[in-house]
Amino acid sequence: MATSSTGRETREFRADLRQLLDLITHSLYSNREIFLRELISNASDALDKLRFEALTHPELREDGDELQIRLLPDKEAGTLTVSDNGIGMSREGIADDLGTIARSGTAAFLEALKQSDDAQRPELIGQFGVGFYSAFMVAEEITVRSRRAGEKEGVQWVSRGQGEFSLETIEKEKTGTDVILKLREDALEFLEPYRLRELVRKYSDFIEHPIVMATEKEVDGEKKVEDEVLNSRKAIWLRSPSEVSKEDYAEFYKQIARDFKDPLETIHFSAEGVIEFKALLYIPEAPPWEQLFGENKNGLHLYIQRVFIMDDCQDLLPEYLRFVRGVVDSSDLPLNVSRELLQENPLAAKIRKNLTGKVLKTLADMKKNDRPRYERFFKRMGAVLKEGIARDFERRDELAELLLFESTATKAGEYTTLEDYVSRMPADQEAIWYLIGEERAVLENAPFVEAFRSKGQEVLLLTDPIDEFLVHSLPSYKDKPLRAVDREKVEEEEIPELIEESYRPLLDRLKELLDEEVSEVRLSTRLRESASCLVSPEGALGSHMERLMQRLGREDELPVTKRILELNPEHPAVQSLRAIHERDGKDPRVESFGRLLLDEAMLTEGSRPKDPVALARRINDLLVAASETTSSSSASKSPAGSMGTRGSKKPKTSESSKKSKAPKASEEKE
Ligand code: ADP
Ligand code: MG
């Protein structure tokens, strides 16, 4: 190799590097702006190295200038220079540093690149730290001028990225490195100060060293050139929590979460030992708005050694903690980590485990020490914790402790915990009872709840759409099973045989008449004030789920499970139906009243009767019959016919009910 007086020589890149350069420049066009992040990151590293070495060799910082990174766009020359006054490179070092592929995970990158198709490539490079070479995406030629701290001679490295580079010895006044990009025709946008500002803010805002650009300003008609610092330099997660004020935390939160409210809770810590990272996490006051629209393209910001890697890193927290915002800065993860690689990376899994534990612990502490604040959190974001119960088997018990429920023992809008519920359980209570539905008011008065209330047992009133899934994934809490009060069997109370027998013919008849709607008609031991209720077979979907699916117009997808109609043998309405049936098994009122009891059961549980018009008709007929009975002092059976479901008398009903008002009024006068 020819060596001139300046020691000029030309060398070849290694074969695999040529391949990489080729791939980078040709296939990653749309993400090429990341070159600036890479160059700034290198410069920042060089500054860190110098600062570190100067601790023991102060003479290395020859001029004592502030450590900084400088951007110099030169429109006339068509060049963008990224300079630093850091450690610099020596002639021996530079060929290695800028000529070897083992750097920066480039080998892994190359591998991934080869396996990806064209569409994936831009995605890929955004996630990889491809390092110095990425600058060839925007530059037709790169000149690196560098002088290592402590050395007298500088070195110049020039390459067009075509497979070879030249080296020569140069004079360089200051230590450090200038990377001069001769921009390609199609990359001149990177000469625009606004574009550079934008990119620094996007990718390098938290670089600790100042990134400076000289900008021309007009002050009082005079042109002045002033240095402008482009990055905010606020890597507050790297500071010690004692040095950061509440306001700083809040401001940073607002910036990364694009929220205008202060966070509900801040979690700032660093993990040391097997894995090392710093985390600054926030629990927001309300769930991020994107999540309200079903979108979940967000997550933590991941930095690796202060270099921004990605801003919606979803792999560092389980999905059910998706409301958490914040930053994780790892010193162990490789810079070339991609989304795909992160999923498989065991270190990432460890970080995730650690972060999850920390968030849950913080919530547990908040619940214990500041219950009103915790309730505020739970009202808005508790539903996703319930999702966690279904998804994160390992943490199920931990998550169960975080749940809050309304119950028959709490006032509306107030909560109890499973722990408190269990502590109130009478010794003979076998299960944690619950009832699922839309509204507390309906649940509270539902017939199913009566027996429990009268026995002094509490029932959880679940009104969250996800509760149906929750109870399927949480079969028990502290060995107490969770059971629905509207299911087939709730307790072992027996109905006396005599009573059972007296009702048998009616029950059989009703089963015949209501065969399409119910699977069984039987007597109930759970009802106190109500006449009837509908219960589901154990393990079947509850009525709440049916209503949900109906509302979504998806009831067709539901398995058809008929429910059981239970009648309260002690209720006067049920008793009189038995009497009617005893007197005349063919009396049409048996069907009519039977259907009324069925509809009543639907209404009290919060469902819609199958045929509301028919229900209204039956009620009206009943009103007419009642008024006729009271007005003609004898208990005549005459209106029985009008109780039929066949509605040929429909138009008359309203007339006769008008008529019925007169006798009623006269009755009141009596
Ligand atoms: P990485 O930064 O991951 O090592 P790069 O391709 O970005 O990979 O850089 C390769 C190497 O070149 C760096 O490790 C460093 O030794 C050297 N280098 C690059 N830029 C500079 C710079 N501005 N100052 C000093 N050394 C540098
Ligand atoms: Mg680098």
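It should be noted that the structure appears before, not after, this text.
In this report, we go over the structure that sits alongside the text.

Rules of the game
Residues numbered from 1 in each chain as written. Chains lettered and ligands numbered in written order. Predicted model: local features only at pLDDT ≥ 70, side-chain atom pairs only at ≥ 80, totals over all residues. Heavy atoms only, no water. Salt bridge = Lys/Arg side-chain N within 4 Å of Asp/Glu carboxyl O. Helix = DSSP H or I, 4+ residues; strand = E, 2+ residues; numbered from the N terminus. Buried < 20%, exposed > 50% of the residue type's maximum accessible area, 1.4 Å probe, protein only. Pairing = 2+ DSSP bridges. Axes fitted to C-alpha atoms, helices over the stretch in contact; angles between N-to-C directions. Polar contact = N/O pair within 3.5 Å; in protein donor to acceptor, adjacent residues only side chain to side chain. Contact = heavy atoms within 4.5 Å. Core = buried A, V, L, I, M, F, W, Y, C linked by side-chain atoms within 4.5 Å.

Things to note about the pattern of salt bridges
- Going through the model one piece at a time under the given rule, you end up with 49 salt bridges.
- Ionic pairing is found between Arg376 and Glu285, a salt bridge with its closest N-O pair at 2.9 Å. A residue pair is termed long-range when its members are at least 10 positions apart, and Arg376 in helix α11 (residues 371–391) and Glu285 in the loop between β11 (277–283) and α8 (289–292) qualify at 91 residues.
- Taking the relative accessible area as the measure of exposure, Arg376 reaches 40% and is therefore partly exposed.
- Residue Glu285 is classed as buried on the basis of its relative accessible area, which comes to 13%.
- In this structure, Arg395 and Glu398 form a salt bridge, with 3.2 Å as the shortest nitrogen-oxygen distance.
- Each of the salt bridges in this network shares a partner with another, and the network as a whole consists of Arg32, Glu33, Arg184, Asp186, Glu189, Arg195 and Glu198.

Thoughts on the sheet that holds strand β21 (residues 532–535)
- What the three strands build is an open sheet, ordered β20-β22-β21; its pairing is mixed. The strands lining the two open edges of the sheet, one partner per strand, are β20 (518–523) and β21. Taken over all neighbouring pairs, the strand axes of this sheet differ in orientation by 25 degrees on average, direction set aside.
- In this sheet, strand β22 (residues 563–567) lies alongside β21 in antiparallel orientation, the contact comprising four bridges. Counterpart to Cys533 in the pairing with β22 is Glu566.

With respect to the side chain of Thr215
- Structurally, Thr215 can be placed in strand β8 (residues 211–219).
- Residue Thr215 is classed as buried on the basis of its relative accessible area, which comes to 8%.
- Reaching out from Thr215, the side chain makes a polar contact with the side chain of Glu228 at a distance of 3.1 Å.
- Not counting residues within four places of it along the chain, the set of residues in contact with Thr215 comprises Arg197, Lys224, Val225, Glu226 and Glu228.

A few points about the pairing of strand β9 (residues 222–229)
- Across eight bridges, β8 lies against β9 in antiparallel orientation. Note that in β9 the partner of Val212 across the bridge is Val229.

Side note on the nonpolar core
- By size, the foremost hydrophobic cluster in this structure holds 76 residues, and its most contacted members are Leu302, Leu355, Leu363, Phe377 and Leu385.
- Core analysis: the next-biggest nonpolar cluster, separate from the first, contains 50 residues, Phe13, Leu39, Phe136 and Ile211 among them.

Description of the environment of Glu387
- Structurally, Glu387 is set in helix α11.
- Note on Glu387: relative accessible area 14%, which makes it buried.
- Separated by 68 residues in the primary sequence, Glu387 and Glu319 place their C-alpha atoms 9.0 Å from one another.
- The residues contacting Glu387, other than those within four sequence positions of it, are Tyr320, Arg322 and Ile466.

Describing helix α15 (residues 447–454)
- In terms of burial, α15 is largely enclosed, as six of its eight residues are buried.
- Turning to α15, its buried residues number three or more, namely Pro447, Phe448, Val449, Glu450, Ala451 and Phe452.
- Of the residues flanking the end of α15, it is Gly456, one or two places downstream, whose phi is positive at about 75 degrees.

Concerning the environment of Tyr477
- Of note, Tyr477 is situated in strand β18 (residues 476–477).
- A relative accessible area of 3% places Tyr477 in the buried class.
- At 3.0 Å, the side chain of Tyr477 and the side chain of Glu401 are in polar contact.
- Of the polar contacts made by the side chain of Tyr477, one reaches the side chain of Lys478; its length is 3.3 Å.

Things to note about unusual backbone geometry
- Positive phi, close to 45 degrees, is recorded for Lys478, a residue that is not glycine.
- Summarising the element assignment, Lys478 is placed in the loop between β18 and β19 (480–484).
- Phi is positive for Asp479, close to 65 degrees, though the residue is something other than glycine.
- Mapped onto the elements, Asp479 comes out in the loop between β18 and β19.
- Under the relative-accessibility criterion, Asp479 is labelled exposed at 74%.

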